[in-house]
Amino acid sequence: MRKKRRERNNGLEITEYIRDRILILDGAMGTQLQKNGLKPGELPEKWNISHPEVITSVHKAYFDAGANLVCTNTFGANSLKFGNELEEIVKAGILCAKQAATDSDSPQEKWVALDIGPSGRMLAPYGDLGFEDAVDLFRETAELGEKYGADIIYIETMNDSYETKAALLGAKEGSSLPVFVTNAYGEDGKLMTGASPRAMVAMLEGLGADAIGVNCSLGPKALSPVVEEYLRYASVPVIMKPNAGLPKVERGETVYDVREDEFSSEIAEMIKKGVRMAGGCCGTTPEYIKAVSRAARGIRPKTITEKDFTMVSGYADAVVFGKTPVIIGERINPTGKKAFKEALRSGDTGYILKEGIAQKESGAQILDVNVGLPELDEVKELARAVCDLQTVVDIPLQIDTSDPCAMEAAMRRYNGKPMINSVNGKKESMDRIFPLVKKYGGVLVALTLDESGIPDTAVGRLAIARKILREAEKCGIRKKDMIFDPLAMTVGTGGDAAKVTLESVSLIRTVLGCRTSLGVSNVSFGLPRREFINESFFTAAMTKGLSCAIINPFSRGMMKAYASYKALAGLDENCSDYIAFVEKIPEDETAGTASHAGVPDKTATEEGESRTRLVSAILSGMKDAAGEATADLLAGKTDPMEIINNEIIPALDEIGRKYESKTVYLPQLLMSAEAAKASFSKIRAAMADSPVSEGEDKKCKVVVATVYGDIHDIGKNIVRLLLENYGFEVTDLGKDVPPEVIVESVVSQRAPILGLSALMTTTVPAMEETIRQIRKHAPWCRVVVGGAVLTQEYADSIGADRYAKDAMETVRYADSVNLEIKNNK
């Protein structure tokens, strides 16, 4: 099959073609199928079997328009949706696209991409789909893609970084084909779960994607800032596949507000800036692609260059190592910490989470995570600690272990591009660690020691660093993804230990051009008042160009040294960080160790302290701590409704406002909702036998559903969770729900509010039909709609009462309806 492809395309593989040529992509499939008679609720992928001539004709129209690559009609093709039919659907979809390539007389090179969209389920811990289950799901589809002759795998419209990772891993483990990945960004320039473009660049390049970019959501002009950020950070080809603007209804038909000439002009400008592959998503037609193809002619492709950014990322954003040293919090490590060891042995996850939250609030930009105790299963415990920490902190983590199996387990489950601590110059270490970094991505810390030990001189440590770098590059690990630790040795034994380390930092930076890291506190081991030595050594290392340091962020002295150095080195504009740091310190306080700034470690007994614990636990998303705080309040005879009204609802309101203002993102919102849910469960258990007006905290009934033909219920599930926490009585009908079933539920309950969700343009007609039937059979019911393809204007045109751009807006609207009902009683 691959030989035939090469013959058809003048001997070129697609990855060779895009090195120095612009590649034109196709446009929308769903809108074309609707024009050809696809009915509301009908699954587009089944047309591969029932209407192959229509699918082939759509693909051919795009090839005839100048597209080099068409995506098969398999966007929703996975075993969750199609079960045993999956293989037949994928096979037929690929055959249709290949036949179109053969039938088209257009002379350009042509390839076929197996199209893979989101699963429609949210991954744990925010949803019910396990990470490995998601990997298996995508792997299965990818295997079929290669089996039946796809040229590449195209993963698209992903709005969750974690599901994107699962899909990319599944595609790479299930096939040998090139993999392209595009994500769907909102108006705020973030994914639904909060990831920034540079966070996605860091993760996807680390995982080995062959091309990355954006699709769907918005028009070309609105998506351009996101694409520009990709171009700034990406060292692989960048893809742009926007919508034809936003949908609206004209004379009863859905149209988009960006026409072909404007669309192609905007795309052409982005090609000039470096975009390598361009096409269209929702609302685009063969006419749009023809316009893009014409506009791209004569534009000389911009050279794709290796970007020299050393980046690690969490689920939300990336940390870029540059002139300003980066603080790595050292506290999640059992070495010398009795309380931490006991927490690990007893399975006290809450202790670890508190340490993580408090370190972030104290200024750590990355958290070191080490859970190594001889009696524990480190493979299991490290992966669990990493996953749990990522539910409460959005900053990157450094996976710290000497066990390669534990390292792989944690790297695989990590959401982002981690920092890895560590490898060394021993052949055995490099042979075991380099393949893991190559597969999963990461910035690797390399210790300057080998089979001969730790050299006594800076030149000796430089030599080991050079050897490690050479071997890493042989394995495909780039120089920018290596950070060297020249090892801080204790000065307590005398000699030039500190001097050699500082010289090594300088040499590695100036000779190799690499970044450096140090575990600073090692320098004072065995000495009294260690903080004095640590602070001075830290400052000295920063003056030598140290890139990052593993320190205790609770140490006032260390953070003082950091803030002062940045001000003195011209790394703190207007000394704003220094001033902010100083303003937090009482004037008469001397240097010492600061208390934790996060959730208190102690269990408070006084009512006021307990309430602070509950609000803090909900805001931090710590459900066990929320449950414990609630139990303490109830044991202290606090009225349950007082807890709800004075603690839980205000906490939810606060996290909701932060979510709406985009200072926190979906993961934090969901974890806070889960924490509130844990608190509510304690209250309901306590009120079970209470005569206090049961249901006092309940509001009106709400029915929610994902419309017929649409299996994507992530948004609907988020709305349900939040509504329940705000006291609404919610009936969740699930996904792919026929209009008649929705109407029956609304009528039988006389529910005053109905929430409808749709992700795909092909299922919006089913939403419109549902609203039409609601108006006929339940005219009292208010309908609120949401979904990626909707706008206020579009919602108005299909008869909805309200368009909600996110889950919190649905809650606000439901509250207003509930208040109206209450006032009218």
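Taken as a whole and assessed by the stated rule, the structure comprises seven aromatic pairs. The interplanar angle of 20° and the centroid separation of 4.7 Å between the aromatic rings of phenylalanine 131 and tyrosine 162 together place this pair among those described as stacked. With phenylalanine 131 in helix 8 (residues 131-147) and tyrosine 162 in helix 9 (residues 161-174), this pair connects stretches of sequence that are 31 residues apart. Assessed through its relative accessible area of 2%, phenylalanine 131 is described here as buried.

Position of isoleucine 711 among the secondary structure elements: in the loop between strand 21 (701-706) and helix 28 (714-725). You can call isoleucine 711 buried: its relative accessible area is 8%. Linking isoleucine 711 and arginine 466, residues 245 residues apart in sequence, is a C-alpha distance of 52 Å. Discounting chain neighbours no more than four positions away, the residues touching isoleucine 711 are Lys81, Ser119, Gly120 and Lys735.

According to the domain assignment, the protein contains domain 1 (2-296), domain 2 (311-554), domain 3 (599-686) and domain 4 (701-824). Measuring from the centre of the C-alpha atoms in domain 2 to the corresponding centre in domain 4 gives 49 Å.

The next subject is the sheet that holds strand 14 (residues 366-369). Strand order around the closed barrel formed by eight strands is 13-14-15-16-17-18-19-20, with parallel pairing between neighbours. Put simply, the sheet's adjacent strands are angled 30° from each other on average, direction ignored. Here strand 15 (residues 397-400) runs beside strand 16 (residues 419-424); their pairing, made up of three bridges, is parallel. Bridge pairing in strand 16 places glutamine 398 opposite methionine 419. Helix-sheet contacts for helix 20 (residues 497-512) involve strand 18 (482-485) and strand 19 (515-519), and the interaxial angle to strand 19 is about 160°.

Definitions and cut-offs
- Residues numbered from 1 in each chain as written.
- Predicted model: local features only at pLDDT ≥ 70, side-chain atom pairs only at ≥ 80, totals over all residues.
- Heavy atoms only, no water.
- Phe/Tyr/Trp six-rings, centres within 6.5 Å; stacked < 30°, edge-to-face > 60°.
- Helix = DSSP H or I, 4+ residues; strand = E, 2+ residues; numbered from the N terminus.
- Buried < 20%, exposed > 50% of the residue type's maximum accessible area, 1.4 Å probe, protein only.
- Contact = heavy atoms within 4.5 Å.
- Domains from an automatic or database assignment.
- Pairing = 2+ DSSP bridges.
- Axes fitted to C-alpha atoms, helices over the stretch in contact; angles between N-to-C directions.

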